[in-house]
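Here is how the chains run, residue by residue.
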Amino acid sequence: MIFNSFNFIVIYPLLFLLYYVIPERYLKVRNLYLLIVSYALYISWKPIYSLILLGVTIVTFYSAKLIARNTSPRKYMLLGVVLSLLPLLFFKYFNFINQTLTSVLSNVGFQCQLTGLNWAIPVGISFFTFQALGYLWDVYYKRIPVENDFLSYCLFLSFFPSILSGPINKASLLLPQIKGLRKHFDYSKAVEGLKMLLWGMFMKVVVADRVALRVDSILDSYMNYSGASCFMASVFYTIQIYADFAGYSLMAIGVGKTLGFELTENFHRPYFAWSVTDFWRRWHISLSTWLKDYVYIPLGGSRCSKARNYWNIFITFLVSGIWHGANWTFIVWGILHGLFQIIEKMLGEQKCRYGWFGKSIKIMITFMLVNFAWIFFRMPTLSDAWGVIERMFDFSLPMTFALTEDIVSLPIIFFGIILLFLKDLRDEFFPKKFLLMNNKFVIVRWTTYMFVIVSIMLFGLFGADQFIYANF
Amino acid sequence: MKKFILKVCLFLAVLFIIDRIVGIIGNYVACNVHTGVYGRDNYIGNEATEDILVFGSSRAVHHYNAPMLSDSLGMTCYNCGDDGCGIVLSYGRLLLNKERHSPKIIIQDVFPPNDVAMGDNSRYIGFLKSFYHREGIAEMFESIDKTQKYKMISNLYKYNGKLHHMFFVYLFPRPSEEGLQGFRPSNSAMDTMKVVKNYQEPVYEVDSQKLEYVNKFIDCAGNAKVYFVVSPIWYGMNPQNLKPIKDICKKRNVSFLDFSNDAKYVHNNQYFHDGAHLNADGADEFTKDLIKKIREDSKK
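Residues numbered from 1 in each chain as written. Chains lettered and ligands numbered in written order. Predicted model: local features only at pLDDT ≥ 70, side-chain atom pairs only at ≥ 80, totals over all residues. Heavy atoms only, no water.

Trainee: When you look at the nonpolar core in this model, what are you seeing that I'm missing?
Mentor: One broad rule of soluble globular proteins: the nonpolar side chains tend to lie buried together. Formed by 157 residues in total, the largest nonpolar core has its most connected members in Trp283(A) and Trp374(A). Both of domain 1 (6-181) and domain 2 (188-274 + 352-459) of chain A provide at least three residues apiece to this core. Judged by nonpolar contacts, the second largest core, of 47 residues, contains Leu53(B), Leu94(B), Leu96(B) and Phe228(B). (Core = buried A, V, L, I, M, F, W, Y, C linked by side-chain atoms within 4.5 Å. Buried < 20%, exposed > 50% of the residue type's maximum accessible area, 1.4 Å probe, protein only. Domains from an automatic or database assignment.)

Pasting the structure below:
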């Protein structure tokens, strides 16, 4: 369910009330209700694709049971992993593999062409597949006991707040809550959830969607704009993708909280990171934790030679790039992040040993490196990404900003960005000062809520496309 | 739980009061802003009584020299075009105008991305939110997006994205944005950076709702002489994208004048500001050509 849609605003209060109508003692009924709601919402996108979700659920549930029962479970684990990955590989990577093979073969003289697929990718497939694989590996490595209740496991994979764009929840976090370790109604958690929903909505509709209009108009026809405009659009995209994805995650966590669930924290003010390594501790935390636990550490992590450690970092971020999409642009983006971290490690710059000035410089350098890599992430092809970079460094072009043409949305764009920056700055450096939503005075809290909601309704962009990460 | 629900209800009640206050302020400003784009909006919606009305996108605003059309055809003229406007908004504006007035000539500038291509039509109705209470507008909103009738209950939504700008224009009038009888010439020379090299216009998927609005537009025009005009474009245009409107015009016996691939204009930097818009010289030249065609057409 898209949280900034009109349907969500109408349907969610109803779902919420019906959920709490079920008495506390009927835990199974409450879970069944959440499962039906989750599947119903998934089916509303494309009914047939719910079979893929169900298929991955069945495969990983029974594979995990076989793993737990057998003394040599490796083959069952491999079978479960391969079967679970098949839909992801087929829907997301078939065209990419097909095109790459065709072009490689045609370069060596073989002319063959397989028909490409023209099917939409099932929404959230990368998220629920990785969540299922995480569970499977956790059972295999005996980190968690096998789950015997199919209903609870189904809900774990299909839980509607997080199925679209994560967070990728660990079974050790979510399954115990599904099985009963949650209160019937927790007032403070529900209020906290609504605050997160409110701020997440602000980030999405006031910041991300407004900024997106400018980003799209420039980067979709970058050849018509000056280098300065292209650079500005790249910085805006850096802000857009953060506000979009972190905003969504915050809303997902908020909705989870209103239902009494604690989901994984996914963002921790990533643009205040002082190194790319630190950035990955703050950006898409659930994915980077997944990659660390199931790719980086099994490869040997950092408890090996330096060269091997660099290789492990490289492979981990290559996987991250491939996970994000079937396109060379994502692969280059992943490789860049891997290389940045290897270089940081070589230079011993992963930690910050400087004072506030040095730290500020490091934050800015990290921001620029991340910003540079996002260009590859945003553009549809490598040549387009290169085109934008070339334009940014073409000093023969006039140094004009296209921004000044749009006097209506410009104040809104800056209003949103400045507010987001101030909020993150406060959370990062003065967490106990200037409290607004958590102020001890009701009048301050309510004025803040009203200010945010009125800002959303007055300045938000309604009817914008899906969340960027819903495409993964 | 009870406390939670009560507080949510109280929150919604306070929000409702704020919404009403914003509505009162917004309505006052919207009615009393007489310059800039909102002044122009109000003029088109509430006052325009010219004989010739020109509708369309930014291409209409920059291409149709309204004073020249007035002088040459001996009729009053106003250019009602707007940036990003398509047939959907043109119909809405014509509907508002027809409440009090019957123009003699109506010109709709055709631009396939706005008038033919499949897309989200709700972006066009945003311009009409201030006129939601007027006859036919609510039905129009509903035909495009069924949720609009609920959304429009909120005044905050009604003035979404523009209240701050309306205030600004109200406090600091901007008469220069109104143009010459609505016509806003681009007084700059060709900006070659704004021309996409090797541009190939795609063949658009046809939006049946837009074509439905083409028909509604013709119906709404009543006895006025209607011209669907494709004004010049530097790149030239793919005739396939014009075919759906051309077919409707033929069927409805409406004049269709196509300058899109006129050799005089295609790739001629002298007449353009960018790839899609004529400059002031180009607009004058095109308006002269259009006047000639209208005169020829009226003799038939």
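So that's the structure; there's more coming.
Trainee: Which parts of the structure should I look at to understand the packing of helix α2 (residues 36-47) of chain B against helix α11 (residues 163-171) of chain B?
Mentor: Two numbers describe a pair of packed helices, the interaxial angle and the distance between the axes. Residues and elements named next belong to chain B. For the pair α2 and α11, the least separation of the axes is 8 Å and the interaxial angle reads 95°. Overall, the two elements α2 and α11 adopt an arrangement that is roughly perpendicular. Touching Gly-36, Val-37 and Tyr-38 of α2 are His-165, Met-166 and Val-169, all from α11. Split by residue class, the contact of α2 with α11 holds 4 nonpolar, 2 polar and no charged. (Axes fitted to C-alpha atoms, helices over the stretch in contact; angles between N-to-C directions. Helix = DSSP H or I, 4+ residues; strand = E, 2+ residues; numbered from the N terminus. Parallel < 35°, antiparallel > 145°, perpendicular 65-115°, else oblique. Contact = heavy atoms within 4.5 Å. Nonpolar A, V, L, I, M, F, W, Y, C, P; charged D, E, K, R; others polar.)

Trainee: Looking at this structure, how should I read the interface of chain B and chain A?
Mentor: How big an interface is tends to be stated in terms of the accessible area lost upon association of its parts. Taken together, the contact between chain B and chain A spans 31 residues of the former and 34 residues of the latter. Summed over both sides, the interface between chain B and chain A buries roughly 2800 Å², with carbon and sulfur atoms accounting for 77% of that surface. Put simply, chain B and chain A have 0 salt bridges between them. Taken together, chain B and chain A are joined by 5 residue pairs in polar contact (both at pLDDT 80 or more). When residues of the side of chain B that touches chain A are traced back to their parent elements, those giving at least two are α1 (2-32), α9 (148-151), α10 (155-158) and α11 of chain B. Here the element with the most residues in the side of chain B that touches chain A is α1(B); it accounts for 10 residues. (Buried area = accessible area lost by both parts, 1.4 Å probe. Salt bridge = Lys/Arg side-chain N within 4 Å of Asp/Glu carboxyl O. Polar contact = N/O pair within 3.5 Å; in protein donor to acceptor, adjacent residues only side chain to side chain.)

Trainee: Explain the domain arrangement of chain A to me, please; I cannot follow it from the model alone.
Mentor: Residue and element names in this part refer to chain A. As far as domains go, chain A holds domain 1 (6-181) and domain 2 (188-274 + 352-459). In this structure, domain 1 and domain 2 have C-alpha centres spaced 29 Å apart. Taken together, the contacts link 21 residues of domain 1 with 15 residues of domain 2. Buried area between domain 1 and domain 2, both sides added, is near 1600 Å², and the carbon and sulfur share of it is 70%. Along the contact surface separating domain 1 from domain 2 lie 0 salt bridges. Linking domain 1 with domain 2 are 6 residue pairs in polar contact (both at pLDDT 80 or more). Secondary-structure elements contributing two or more residues to the side of domain 1 that touches domain 2 are α1 (6-21), α7 (160-163) and α8 (171-178). The element best represented in the side of domain 1 that touches domain 2 is α1, accounting for 5 residues. Residues belonging to the side of domain 1 that touches domain 2 are distributed by class as follows: 15 nonpolar, 5 polar and 1 charged.

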